Amino acid sequence: MASSPLSLLLFSLILLLLHQPLSTSSTLPKSTLFRPNLISQPTPSITTTTTTDTDTPITPYFEVTKPIKLPHTKPCSYLVLRHDFAYTYSKPPVLANYTPPSDCPHQDFAKIVLEWTATCKGRQFDRIFGVWLGGVELLRSCTAEPRSTGIIWTVQKDITRYHSLLMTNQTLAVYLGNLVDSTYTGVYHVDISVHFYPAEVGLSNGEANLGNSADLILPVSRNLPLNDGLWFEIENSTDVESKKFEIPRNAYRAVLEVYVSFHENDEFWYTNLPNEYISANNLTGTAGNGAFREVVVRLDGTLVGAVWPFTVIYTGGVNPLLWRPITGIGSFNLPSYDIEITPFLGSIVDGKIHEFEFRVTNALNVWYIDANLHVWLDKTGMETEGQLLSHTSLEPIISLVSNFTGLNGNFLTSSSRSVSSIGWVKSSHGNITTNATQTFNFSNFMVMGNDGNLQIVNQIIDFNNSVHALMPTSSTHSIESFKRFPLYLYSNSVDQGNDTSNFVTNLTLGFSEERVAASGFGFLVSSLKNLQNAQGIMRVKGNLVVSGIGSTQQAYQYDGSKFCYFRTVSSSNYTILYDKVGNTCSKKFRPRVGFRLAKWLPFSGQRALTSVFRDNKKLH
């Protein structure tokens, strides 16, 4: 299928889209009643290979992403856990004692990398898992679905931002809720290692980190012991989960890093139908509450930020045959989301207990959410003080336009929100005024046809945030991020009788981000465009995929101030058809981003921010 003229045309379209703004105007077709519990028949019937199971080598799975930019130094590497995850569902996380690398010749580390490597053989669902150190989540990920001849995959994640945590003795906790019986036979054999790369003398430690990593990281997660992950479980739209904490009185900056994943009735929340449609058609067992979701974060009852999550598709999602061996964007390393808490520091550096709360708008069972609070401390030990100058957060405006007759119709859901906070903090660094802003836009157009067996979803999320800090010297430290998450799904199912259906699935999934970081007289810019197209046909009996084919094409382009990387790759049922990798920067990268750089030039940038904060600074 991937070598047909249509597939070649689609792949050429991906390459063309790399240098265009990502959108959902593509006419690619996905699946209707998405079933998260599809598993594959572990026989050659679903593959195009002519070899037997014993002839087929172990298959490497991978997520397309840029390599971590490492210094030219030899790492100190440590295996921190080796474990076989068999029947682990509803059992305690696997624990291990972690100690920092005291025997490494150099203790000044430029990069610290977490490496997860796993193998599996047999039949198994995709399983969500998490890795925590001292209650702080380091990695949220999904397992790959194995084949009878075995698979292997590796995830490498830059965890340099957790440096202060990694320099102390901690308890490592890993939860992977797996189930093994006569049907689900796959056991995950896992190695977790940490690689410490000493800094090169005279060279910068990072490409895009504005400032140093935090001095303290507080877990905002559930406490051990428990028989599950350390994440909180949000089960419905009124459910609120919270964690109390105390922050040191010499804190001068704080950032909340939020981890989010969605499962069961909300695994495919962007395809969920409006309740009025479900009620009018007397449907049962159909996920509802519409297609809009929002994670809301409150501090002592005040909304401080939100997350409109990227639509991660797990390795068994939509059509499991699409993700072999190329997995969905973000499925092996789910993104986390930063919320700047600094404007609110004045109200929480009082030595008292405070509380973070999490809620999900329109949620169905179940969402897994936790967070890490990154805190920067005044090295002199000086107690800081501050004040929230202004805070604006209106409830999101959600609009639903429905037009349906019986099981056929269309629905347009749209929403927008902004959150803005300005506050100052006084420390030994002087008075620093911080302005943090989040803006969101959401649009989901859904079509139901063929008496409910056809579903098309065309969705786009814009998720932008900025942080501007005005220093006592009138210099500025700033970060701006402009994200876009496009999604286009087409699905049609045809009942074949005898509990068997044929599913036709097409998918376009994208993640783009432009990022600018400025500090003093310098700036760093980067641009990421990551786009997947996938097509699949499968025959399903019960929840078993008995035959089918899946093809995936992906184009990835990262352009940075100091590093560029691209990869274009195509696969069909375990076989790589095309794979090209390079480090050439996009010709359009610098001109296209250039229009935003004027405001980052030292003097114009300072003048602009000075104007924004002029009146507020008088209040200090």
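Residues numbered from 1 in each chain as written. Predicted model: local features only at pLDDT ≥ 70, side-chain atom pairs only at ≥ 80, totals over all residues. Heavy atoms only, no water.

Some remarks on the sheet that holds strand E3 (residues 76-85)
Turning to step 1, where the next piece is worked out: Taken together, the five strands give an open sheet; going across it, the order is E2-E8-E5-E10-E3, and neighbouring strands pair in mixed fashion. What marks the edges here is a single partner per strand, and that holds for strand E2 (59-61) and E3. Strand-to-strand, the axes of this sheet are offset by a mean angle of 20 degrees, without reference to chain direction.
Turning to step 2, where the next piece is worked out: With nine bridges joining them, E3 and strand E10 (residues 188-198) adopt antiparallel strand pairing. Considered in E10, the bridge of Tyr78 is made with Val194. (Pairing = 2+ DSSP bridges. Helix = DSSP H or I, 4+ residues; strand = E, 2+ residues; numbered from the N terminus. Axes fitted to C-alpha atoms, helices over the stretch in contact; angles between N-to-C directions.)

Notes on the nonpolar core
Turning to step 1, where the next piece is worked out: If you look at the biggest cluster of nonpolar residues, it comprises 88 residues, and the most contacted ones within it are Leu256, Ile341, Phe356, Trp367 and Leu373.
Turning to step 2, where the next piece is worked out: If one sorts the elements of this core by residue count, strand E19 (residues 367-377) sits on top with seven residues.
Turning to step 3, where the next piece is worked out: Discounting chain neighbours no more than four positions away, the residues touching Ile341 are Ala254, Val255, Leu256, Leu299, Val304, Ile348, Phe356 and Leu373.
Turning to step 4, where the next piece is worked out: Within the second largest apolar cluster, 44 residues are counted, among which are Val94, Leu138, Ala214 and Ile217. (Core = buried A, V, L, I, M, F, W, Y, C linked by side-chain atoms within 4.5 Å. Buried < 20%, exposed > 50% of the residue type's maximum accessible area, 1.4 Å probe, protein only. Contact = heavy atoms within 4.5 Å.)

Remarks on the confidence of the model for the protein
Turning to step 1, where the next piece is worked out: Per-residue confidence for the protein averages 86 on the pLDDT scale, and 84% of its residues sit at or above 70.
Turning to step 2, where the next piece is worked out: Predicted confidence is poor over residues 590-620, with pLDDT under 50, and the contacts of this stretch with residues over four places away or in other chains come to 53 contacts. (pLDDT = per-residue confidence, 0-100.)

Focus on the side chain of Asp462
Turning to step 1, where the next piece is worked out: Among the secondary structure elements, Asp462 is positioned in strand E24 (residues 454-470).
Turning to step 2, where the next piece is worked out: Engagement of the side chain of Asp462 in a polar contact is seen with the side chain of Arg484, the distance being 2.7 Å. (Polar contact = N/O pair within 3.5 Å; in protein donor to acceptor, adjacent residues only side chain to side chain.)

Some remarks on the pairing of strand E14 (residues 251-262)
Turning to step 1, where the next piece is worked out: Counting buried positions along E14 yields 10 of 12 residues, so the element is predominantly enclosed.
Turning to step 2, where the next piece is worked out: With 11 bridges joining them, E14 and E19 adopt antiparallel strand pairing. Counterpart to Val260 in the pairing with E19 is Ile369.

Quick look at the pattern of salt bridges
Turning to step 1, where the next piece is worked out: Evaluated as defined, the whole model comprises 16 salt bridges.
Turning to step 2, where the next piece is worked out: Linking Asp579 and Arg567 is a salt bridge whose minimum nitrogen-to-oxygen distance equals 2.7 Å. Remark: Arg567 occurs in strand E29 (residues 564-572) and Asp579 occurs in strand E30 (residues 575-582); sequence separation between them is 12 residues.
Turning to step 3, where the next piece is worked out: A residue is classified by how much of its surface remains accessible, and Asp579, at 39% relative accessible area, is partly exposed.
Turning to step 4, where the next piece is worked out: Taking the relative accessible area as the measure of exposure, Arg567 reaches 15% and is therefore buried.
Turning to step 5, where the next piece is worked out: In the salt-bridge network here, residues are joined through shared partners; they are Glu137, Arg140 and Asp370. (Salt bridge = Lys/Arg side-chain N within 4 Å of Asp/Glu carboxyl O.)

Focus on the environment of Ser193
Turning to step 1, where the next piece is worked out: You can see Ser193 is positioned in strand E10.
Turning to step 2, where the next piece is worked out: A relative accessible area of 12% places Ser193 in the buried class.
Turning to step 3, where the next piece is worked out: Separated by 115 residues in the primary sequence, Ser193 and Tyr78 have C-alpha atoms spaced 5.4 Å apart.
Turning to step 4, where the next piece is worked out: Those residues in contact with Ser193, other than ones at most four positions away along the chain, are Tyr78, Leu79, Val80, Val113, Leu114 and Glu115.

Description of the state of the cysteines
Structurally, a disulfide amounts to a covalent bond that connects the sulfur atoms of two cysteines.
Turning to step 1, where the next piece is worked out: If you walk through the whole model with that rule in mind, you get two disulfides.
Turning to step 2, where the next piece is worked out: There is a disulfide in this structure between Cys76 and Cys104, and the S-S distance comes to 1.9 Å. On the S-S bond that ties Cys76 to Cys104, the torsion sits near 75 degrees, and the link is right-handed. You can see Cys76 sitting in strand E3 and its partner Cys104 sitting in the loop between strand E4 (94-98) and strand E5 (109-120), a full 28 residues away along the chain. Each of the two residues, Cys76 as well as Cys104, counts as buried.
Turning to step 3, where the next piece is worked out: One disulfide bridge connects Cys564 with Cys585, the sulfur atoms lying 1.7 Å from each other. In this structure the cystine formed by Cys564 and Cys585 twists about its S-S bond by roughly 85 degrees; its chirality is therefore right-handed. Taken together, the residues Cys564 in strand E29 and Cys585 in the loop between E30 and helix H4 (589-594) connect sequence positions 21 residues apart. (Disulfide = S-S within 2.5 Å.)

Concerning the sheet that holds strand E7 (residues 136-142)
Turning to step 1, where the next piece is worked out: Here we have four strands laid out as an open sheet, ordered E4-E9-E6-E7, and antiparallel in their pairing. With one partner strand each, in any of the chains shown, E4 and E7 form the two edges of the open sheet. On average, adjacent strands in this sheet sit at an angle of 15 degrees to one another, irrespective of strand direction.
Turning to step 2, where the next piece is worked out: One ladder, built from five bridges, connects strand E6 (residues 128-133) with strand E9 (residues 170-176); its direction is antiparallel. Its bridge partner being in E9, Gly130 is matched across the sheet by Tyr175.

Quick notes on the packing of aromatic side chains
Turning to step 1, where the next piece is worked out: As enumerated under the stated definition, the model contains 32 aromatic pairs in all.
Turning to step 2, where the next piece is worked out: An angle of 25 degrees between the planes, with centres 4.8 Å apart, marks the rings of Trp308 and Phe440 as stacked. Note that Trp308 is positioned in the loop between strand E16 (302-307) and strand E17 (336-340) and Phe440 in strand E23 (residues 430-449), a separation of 132 residues in sequence.
Turning to step 3, where the next piece is worked out: Ring centres of Phe463 and Phe485 lie 6.5 Å apart, and the angle between their planes is 80 degrees; on these two criteria the pair is classed as edge-to-face. On the criterion of sequence distance, the pair formed by Phe463 in strand E24 and Phe485 in strand E25 (residues 476-497) is long-range, its members being 22 residues apart. Comparing Phe463 with Phe485 shows no difference in burial state: the two are buried.
Turning to step 4, where the next piece is worked out: Through pairs of rings, three or more aromatic residues link up here, namely Phe292, Trp308, Phe310, Tyr337, Phe440, Phe442, Phe463, Phe485 and Phe511.
Turning to step 5, where the next piece is worked out: Across the ring face of Trp376, the terminal group of Arg253 is positioned such that the distance to the ring centre comes to 4.5 Å.
Turning to step 6, where the next piece is worked out: Here Lys483 stacks its cationic end above the ring of Phe463, 5.4 Å away from the centre of that ring. (Phe/Tyr/Trp six-rings, centres within 6.5 Å; stacked < 30°, edge-to-face > 60°. Lys NZ or Arg CZ within 6 Å of the ring centre and 35° of its normal.)

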